[in-house]
Amino acid sequence: MLPGRMTLSPPGPPCGPPEELQELQELAFIERPIRRSLKTAEEIDQLTVDEDLNDVERAVYLLSMGQEVQRASVISNLPSLVRQNPAETFRRVVPKVRDVLNGAGAEIQLAAATSFLTILQDDIILIHTHTYSILKTVLLHLNHRDAVVSSAWLETLLSAINALPKETIKQEVLNPLLYQSQLSHSLQARLAACRILGRASCKFDSLIVKKELLPLARSLCRDVEPEVRVCMCHQLESMARAIGVDDTRTELLPEMLELAGDEEGSVRLAAFDSIISLMEMMDGDDRLHLLVPLVMSACDASSQVDEGVMVSLSFQFGKLCSGLAGSLSDEQKRLLLQKFQVLCITGLPAEENQMDVGESTLIRCNCCYNLPAMLAFVDPAHFLSDLFPSFSGLCSDPEVSVRRSVAAGFHQVVKMLGSNVHVVHKELLLLLQDNSLEVLDALMNHLDETLEVVLSRGDNLMVDNKLQELLSALLSAEQKVGSSLRWRLHEKLLHRYSCLSRLLPGELLHQTFSARIFMILTTNKVLPVQKEAARTFCTFLRYNRKQEQRQEMMERLIQDLAQGRSYWNRLRFLDVCEIATEIFSRKYFNKHFLIPALELVHDPVANVRYKLCQLLPRLRSSLRLPADKLLLQKLDFCVQKFLCREKDKDVVAMIRKTVLELDKLDLSEPFHKRHEWDLLDQKKEKEEMLLLEMLERQQSDGKLNSDKHMERKRRDSKTSLSSTKSMSVSSSTGSSTSGKETRKAKLSRSRSLSSQPTSSKPANSDRPLKVKDLSSSSGLGKCTRDDSLRTAHFTLTTQSTSSMPVLIRSKTTSLLDQASMLEQRDHRTSTLDHRSGTRDHRNNMMEQRTSSLEEREHRTSTLEHRDHRTSTLGQRSKTMERGCGMKDSQSRKLSMNRKSSSFQSERE
């Protein structure tokens, strides 16, 4: 009983749920048809091919004896066989393919048409005989009953026409074409004849096209089926370019104008498109008399008659207005502008004539495409009155596709507006704040060009706080894209925002965008977005002109990334270093990035060390000897530490590979390539130095402006003082020069009267020198100067009194004391005058320093300095003359006293 129970028990749990049993039954039911569909041994033998056969022999065997799936595989692989062995393939395989195609199904027919088309388009065939063999096969199956197969063979034939010689085309293609274009043949054959005519007309000269192909084209233009007439209209453009301008005007334009008035709307649309495409081949008279009436009639009737013509007109409206601008009157230009304004609101609820939603949306999208051409047509100066309402309506259109179209061409409109770009400020904000990411994607394609035009007009942006609104819209667009799953759009947006470093002031950019970009760098989980954020952040860092902000940004990179707690942030720092080698100069990179990167050799995470090993060749290429000798030693120490202490096998393998790259680095780089890199690095370094110089210049200009303001106030207060002094000095100099000669005469008489020399002269002669030395010392206070002057006067008087002779009595000594007192008073006054002159001289020297910064006032200050020098010289001469006068009086008194003393001695 026990074994029976064991066999009855299920393999799973004893009380399994019924849902699992049902799933097992379903799996068993699925396996049954798979087992039944397996091939038998006989079928496997039929599918087996001898392995000793080469590719051509295997293809011939499968085409002869294989099944349909094998034949289709061989035909699909035909281009590779032609590349390997074209002669044998065309000799043995292509005839077998031609035999297989007789009575084959649609799958094999399409595979053969595709293979022959690939052979013709890739220029695999080198001789025309092979092309001729393909042409025979194509013409044989051109009129297949299946429309899809017939269309595939027709494409192959059109490609073969480009590769065939003219005689082969004329004999094998055009002669049967005359027969197929008759009405007795099928519609499919006549449509193929139209396309063959258009392609063959490019191979022949104008005379053959005019005599042989043009009559056949006229007969097809008058075909009873509108599809044939439409197809022939599309081919008339290529025929017109083949026969030339003159024959087109006489032969084809009347035919096109007749088709433009056809009863079928599709025929009129095709003729309209063909005529507009030939507008560049028409002269002024043809445009005025043929094209302008056609366009005006289409503008009058398109909204009432045919939607197809309206769609085509909306697509080519800009081309028509630009081409016909010189042939239109003012009234016609006004009508065309009104028609464009009507097209811009087609299908909206405010319009009376409602039409299909898809057609109306397409018309408004075409109007967005033609906005730049229409702006050139009406002149940007009249944009506000003529086109702004339509432009604003398209920017706020309810359909996303319309807003996407106007966003795609927004940069062209902005460039054409130029200085009037502030007019579309609200529309730009509207597109930046659009809820659809498709609109933002279209706007981001050329956002850098748009912002460059908008932000270059900074004066208009400062009005009504427009700049702050624009920056807020840019930040909100980034946050909206960043919160979505469109990481490619986020990457594109960050790349476009890098242009702000050239357009915004560094302080405003640092306050508004730098923190957000750094947050994306540290928090976003998508690697391409992180790398683009790193590139944008480095760009902001490079063009920031304030040293404090640059230092703050570098500190954040070092602290949050290079020294961050997460290994992911340390990996991002190495990505930043890789990007920094492209953006910064070698000097700046080696100063700020190299050492923090090399310190990651001690990182505990192997992935960081692995990334550093990958980056070492790039770091080595940034070093140049002998300037970077110490940095090179540190890099070599880093490599040695990897080689000696690394234990992770992946890092060891990478460092070995890196060492080989480092050894080959100098040898593998050609000299001209290194020279180009050096020139590029010098250019980067010059730009960085210029940015720093501009910053220093701005700071110095600010300081100089404040200094200039203070100096002007000081100079204005001194002008009155200097004018009074100059007047007094000029009057004194006049009187001193007149008494100079008389004093010299007195001095000579006193010398002649004196019988013996005295020792007072050298003491008196040294006096002004000592006073000058003491008075010319700068930097002392008023009290010290007075004390020094007093000591000087005391020493001078003692010297003069000690040098007197002994025989002088009390009366003469009192006279001398009085004379010395007078002399001290005079000397004191002269010293005070000299001190005031010295002070004026110092003030003038300060004015001369400031005048070097102010070139306009330099001449006036120089003249004042010269006047002061003359006054100072006059004062010095006056002082010397006073000293000489005192000496004369003293010597005269001494001589009289000596005479009197000698006379008394003689009497005694």
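Higher on the page you've got the structure.
The residue count restarts for each chain, going from 1 along the sequence in the order it is written. In keeping with the model being predicted, local features are shown solely for residues with a pLDDT of at least 70 and side-chain atom pairs are shown and tallied solely at 80 or more, while totals for entire chains, interfaces and linings include all residues. To obtain the side-chain values, all non-hydrogen atoms of the structure were used and water was disregarded.

Asker: How would you summarise the nonpolar core if you had to cite specific residues and measurements?
Answerer: The set of buried Ala, Val, Leu, Ile, Met, Phe, Trp, Tyr and Cys residues whose side-chain atoms join them within 4.5 Å is what this entry labels a nonpolar core. Relative accessibility under 20% of the residue-type maximum defines a buried residue, over 50% an exposed one, and the middle range a partly exposed one, all with a 1.4 Å probe and only protein chains included. With 209 residues, the main nonpolar core has Leu474, Leu500, Leu557, Phe593, Leu616 and Leu619 as its most contacted residues. Examining the composition of this core, we find that 9 residues originate from one element, helix H14 (residues 226–243), more than from any other. Contacts between residues were defined by any pair of non-hydrogen atoms, one from each residue, lying within 4.5 Å. Sequence-distant contacts of Leu557, that is, excluding residues within four places in its chain, are made with Phe518, Leu521, Phe537, Leu541, Ala562, Phe573, Val576 and Phe593. Each helix is a run of H or I in the DSSP string that is no shorter than four residues. Each strand is a run of E no shorter than two, and both are numbered from the N terminus.

Asker: Residue-level account of the side chain of Ser274, with values.
Answerer: Mapping Ser274 onto the fold places it in helix H16 (residues 265–277). When sequence neighbours within four positions are dropped, the list of residues in contact with Ser274 reads Cys233, His234 and Met256.

Asker: Can you explain empty space enclosed by the protein? Please cite residues and give values.
Answerer: Put simply, the grid is 1 Å and covers the protein atoms alone, a cavity is a trapped set of points that fit a 1.4 Å probe, a pocket is an open set with protein on both sides within 12 Å along at least five of seven lines, and lining residues have an atom within 4 Å of a point. Grid points are joined across faces, edges and corners, and a volume is the space filled by probe spheres set on the points. Within the structure shown, the criterion is met by 3 cavities of 30 Å³ or more. Considering the residues around the largest cavity, the lining is formed by Val245, Thr248, Arg249, Leu253, Leu278, Met281, Met282 and Asp286. It is helix H15 (residues 245–260) that contributes the most residues to the lining of the largest cavity, 4 residues altogether. Each residue is assigned to one class: nonpolar for Ala, Val, Leu, Ile, Met, Phe, Trp, Tyr, Cys and Pro, charged for Asp, Glu, Lys and Arg, and polar for all the others, Gly among them. Residue composition of the lining of the largest cavity, by class: 5 nonpolar, 1 polar and 2 charged.

Asker: Could you give an account of the pattern of salt bridges, naming the residues involved and the relevant values?
Answerer: Throughout this description, the term salt bridge denotes a Lys or Arg side-chain nitrogen within 4 Å of a carboxyl oxygen of Asp or Glu. Under the criterion given, the structure shown has 31 salt bridges. Among the salt bridges present, the one from Arg222 reaches Glu255, with a minimum N-O distance of 3.4 Å. In this pair, Arg222 is assigned in the loop between helix H13 (206–221) and H14 and Glu255 in helix H15, connecting sequence segments 33 residues apart. Here Arg229 makes a salt bridge to Asp262, at a shortest N to O gap of 3.2 Å. Taken as a pair, Arg229 in helix H14 and Asp262 in the loop between H15 and H16 lie far apart in primary sequence, 33 residues in all. We classify Asp262 as buried; its relative accessible area is 14%. Put simply, Arg535, Arg572, Asp575, Glu578, Glu582, Lys611 and Arg618 are held in one network by salt bridges that share partners.

Asker: How would you sum up unusual backbone geometry? Please name residues and give values.
Answerer: Put simply, Leu625 and Pro626 share a cis peptide bond, and its omega is 0°. A positive phi angle is found at Asp379, which is not glycine, with a value near 80°. With respect to the helices and strands, Asp379 occurs in the loop between helix H22 (371–378) and helix H23 (383–386). On the accessibility criterion, Asp379 (36% relative accessible area) is partly exposed.

Asker: Please provide a residue-by-residue account of the packing of aromatic side chains, values included.
Answerer: Centres within 6.5 Å make a pair out of two Phe, Tyr or Trp rings, where for Trp the six-membered ring is used; the pair is then stacked when the planes are under 30 degrees apart, edge-to-face when over 60, and tilted otherwise. Counted under the stated rule, the structure contains 11 aromatic pairs. Arranged with centres 6.2 Å apart and planes meeting at 40°, the rings of Phe116 and Trp153 form a pair that is tilted. Note that Phe116 is positioned in helix H8 (residues 106–121) and Trp153 in helix H10 (residues 147–163), a separation of 37 residues in sequence. An identical accessibility class is assigned to Phe116 and Trp153; each is buried. When the centroid spacing of 5.6 Å and the interplanar angle of 5° are considered together, the rings of Phe315 and Tyr369 count as stacked. One end of the pair, Phe315, is in helix H18 (residues 307–315); the other, Tyr369, is in helix H21 (residues 357–369), with 54 residues separating them in the sequence. Counting every residue linked through ring pairs, the aromatic cluster contains Phe383, Phe388, Phe391 and Phe410. A cation sits over an aromatic face here: Arg542 above Tyr543, 5.3 Å from the ring centre. As a reminder, the over-ring test applies to NZ of lysine and CZ of arginine, requiring each to be within 6 Å of the ring centre and within 35 degrees of the ring normal.

Asker: Quick rundown of the environment of Val82? Include the residues and the values.
Answerer: Tracing the chain through its elements places Val82 in helix H6 (residues 78–84). A sequence separation of 11 residues divides Val82 from Val93, and the C-alpha atoms of the two residues are 9.6 Å apart.

Asker: Requested: an account of the environment of Leu343, with residues and values cited.
Answerer: With respect to the helices, strands and loops of the structure, Leu343 is situated in helix H20 (residues 330–344). Owing to a relative accessible area of 0%, Leu343 belongs among the buried residues under this scheme. Beyond its immediate stretch of four places on either side in the chain, Leu343 contacts Met310, Ser314, Phe317, Ile363, Arg364 and Cys367.

Asker: Tell me about H15, residues and numbers included.
Answerer: Given 3.6 residues to a turn, an α-helix orients residues that are three or four positions apart in the same direction. The length a helix should cover is 1.5 Å for every residue beyond the first. Look at H15: only 20 Å from first C-alpha to last across 16 residues, short of the 22 Å you get at 1.5 Å a residue. Note on bend: the value at a residue is the angle between axes fitted to the seven residues ending there and to the seven starting there. When the local axis directions of H15 are compared, the greatest deviation, roughly 45°, occurs at Leu252, which is followed within four positions by the proline Pro254.

Asker: Summarise helix H24 (residues 388–395); cite the residues concerned and give the values.
Answerer: What H24 keeps buried is the set Phe388, Ser390, Phe391, Leu394 and Cys395. In an axial view of H24, the angular spread of the buried residues amounts to 165°, which keeps them on one side of the axis. The directions from the helix axis to the C-beta atoms form the arc being described.

Asker: An account of the packing of H14 against H16 is requested, with residue identities and associated values reported.
Answerer: Interaxial distance between H14 and H16 falls to 8 Å at its minimum, and their mutual angle equals 5°. Put simply, H14 runs roughly parallel to H16. Contacts from Pro226, Arg229, Val230, Cys233, His234, Glu237 and Arg241 of H14 reach H16 at Ser266, Val267, Ala270, Ala271, Ser274 and Ser277. Looking at the contact of H14 with H16, its residues break down into 6 nonpolar, 4 polar and 3 charged. The angle between two axes is taken between their N-to-C directions and runs from 0 to 180 degrees, where each axis is a line fitted to C-alpha atoms and a helix contributes only its stretch in contact. Note on angle classes: values under 35 degrees are labelled roughly parallel, values over 145 roughly antiparallel, values of 65 to 115 roughly perpendicular, and the remainder oblique.

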